[in-house]
Amino acid sequence: NAGVTQTPKFQVLKTGQSMTLQCAQDMNHNSMYWYRQDPGMGLRLIYYSASEGTTDKGEVPNGYNVSRLNKREFSLRLESAAPSQTSVYFCASSEGLYYSNQPQHFGDGTRLSIL
Amino acid sequence: RKEVEQDPGPFNVPEGATVAFNCTYSNSASQSFFWYRQDCRKEPKLLMSVYSSGNEDGRFTAQLNRASQYISLLIRDSKLSDSATYLCVVKLLNSNSGYALNFGKGTSLLVTP
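Residues numbered from 1 in each chain as written. Chains lettered and ligands numbered in written order. Predicted model: local features only at pLDDT ≥ 70, side-chain atom pairs only at ≥ 80, totals over all residues. Heavy atoms only, no water.

Engineer: Hey, could you run me through the sheet that holds strand E7 (residues 64-68) of chain A in this one?
Structural biologist: Across a sheet, paired strands are connected by hydrogen bonds in the backbone, their directions being either parallel or antiparallel. All names here are of chain A. With antiparallel pairing, the four strands of this open sheet are ordered in space as E1-E3-E8-E7. Edge positions in the open sheet fall to strand E1 (4-7) and E7, since each of these has one partner strand only. Going across the sheet, the axis of each strand differs from the next one's by a mean of 15 degrees, ignoring polarity. Of the strand pairs in this sheet, E1 and strand E3 (residues 19-25) are connected by four bridges, and their pairing is antiparallel. Residue pairing in the sheet places valine 4 in a bridge with glutamine 25 of E3. (Pairing = 2+ DSSP bridges. Helix = DSSP H or I, 4+ residues; strand = E, 2+ residues; numbered from the N terminus. Axes fitted to C-alpha atoms, helices over the stretch in contact; angles between N-to-C directions.)

Engineer: Looking at this model, I keep getting lost on the environment of Leu93(B). Mind explaining?
Structural biologist: Within the fold, Leu93(B) resides in strand E9 (residues 84-94). With 50 residues separating them along the chain, Leu93(B) and Glu43(B) place their C-alpha atoms 24 Å apart.

Engineer: What am I meant to see in the interface of chain A and chain B here?
Structural biologist: It is common to give the size of an interface as the accessible area that goes away when the parts come together. On the side of chain B, 19 residues touch chain A, which itself brings 24 residues to the contact. When the buried area of chain A at its contact with chain B is split by residue, Leu43(A), Asn101(A) and Phe106(A) rank highest and sum to 27% of it. Inspection of the region where chain A meets chain B yields four residue pairs in polar contact (both at pLDDT 80 or more). Of all elements in the fold, only strand E4 (31-38) and strand E5 (42-49) of chain A reach the threshold of two or more residues within the side of chain A that touches chain B. Of all the elements, E5(A) adds the most residues to the side of chain A that touches chain B, at four residues. Taken together, the residues that form the side of chain A that touches chain B break down as 13 nonpolar, nine polar and two charged. (Contact = heavy atoms within 4.5 Å. Buried area = accessible area lost by both parts, 1.4 Å probe. Polar contact = N/O pair within 3.5 Å; in protein donor to acceptor, adjacent residues only side chain to side chain. Nonpolar A, V, L, I, M, F, W, Y, C, P; charged D, E, K, R; others polar.)

Engineer: Help me understand the state of the cysteines in this model?
Structural biologist: Tallied over the full model, the rule gives two disulfides over all chains. A sulfur-sulfur separation of 1.9 Å characterises the disulfide bridge that pairs Cys23(A) with Cys91(A). Between Cys23(A) and Cys91(A), the S-S dihedral sits near -75 degrees, and the bridge is therefore left-handed. With a gap of 68 residues between them, Cys23(A) in strand E3 and Cys91(A) in strand E9 (residues 87-94) connect regions that are remote in the sequence. Across the pair, exposure class does not vary: Cys23(A) and Cys91(A) are buried alike. Across the disulfide from Cys23(B) sits Cys88(B); the S-S distance is 2.0 Å. Handedness of the Cys23(B)-Cys88(B) disulfide follows from its S-S torsion of about -75 degrees: it is left-handed. Within this pair, whereas Cys23(B) is found in strand E3 (residues 19-25), its partner Cys88(B) is found in strand E9, the two being separated by 65 residues in sequence. (Disulfide = S-S within 2.5 Å. Buried < 20%, exposed > 50% of the residue type's maximum accessible area, 1.4 Å probe, protein only.)

Here it is in structure tokens:
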């Protein structure tokens, strides 16, 4: 049982390049999330998808777009990468954000460096 | 004021010690509370949910004080393998604020032989 799978695990980009981070979960979860984690900042929510077909902005959405391709997959796109987007990106899923005590399960992260 | 605040530590304790972590949250409408553990360069993993009556899982005890907006995690008989960063997480979902899952910055624990 893979849980939450993120690809790629590492990526180096040049400023202005675009790329898509992929995330898939095999737990039949309804809700999926994208976070970034920076030193001294903790985890911050970029976008989330409460259910298939819906997406909403989180705390730090600027510079990103997302697509909930189907129930399993939730991708994060950087259209024009900037050095400020250098970070570790985590995808997570949960049974449903409307279930109070259901935890989130995280992928093992994508380390993204933008030069 | 940050939504969730934790003492960043680091806490350096010897094996076998008892250590307590504290966390405060700012929004009184917060609904769900969790402790996550994150090892260096790894993803966060759920340690335990925190219930209003307090709850225990082996050597770990979590407490919630809604009146003071305060959450705690107690680790008894610390093991070397407990060395990690512990994240306090608070969930809010309502018609006014929408959805938010707020993470503390984490408290670093190092258990030494």
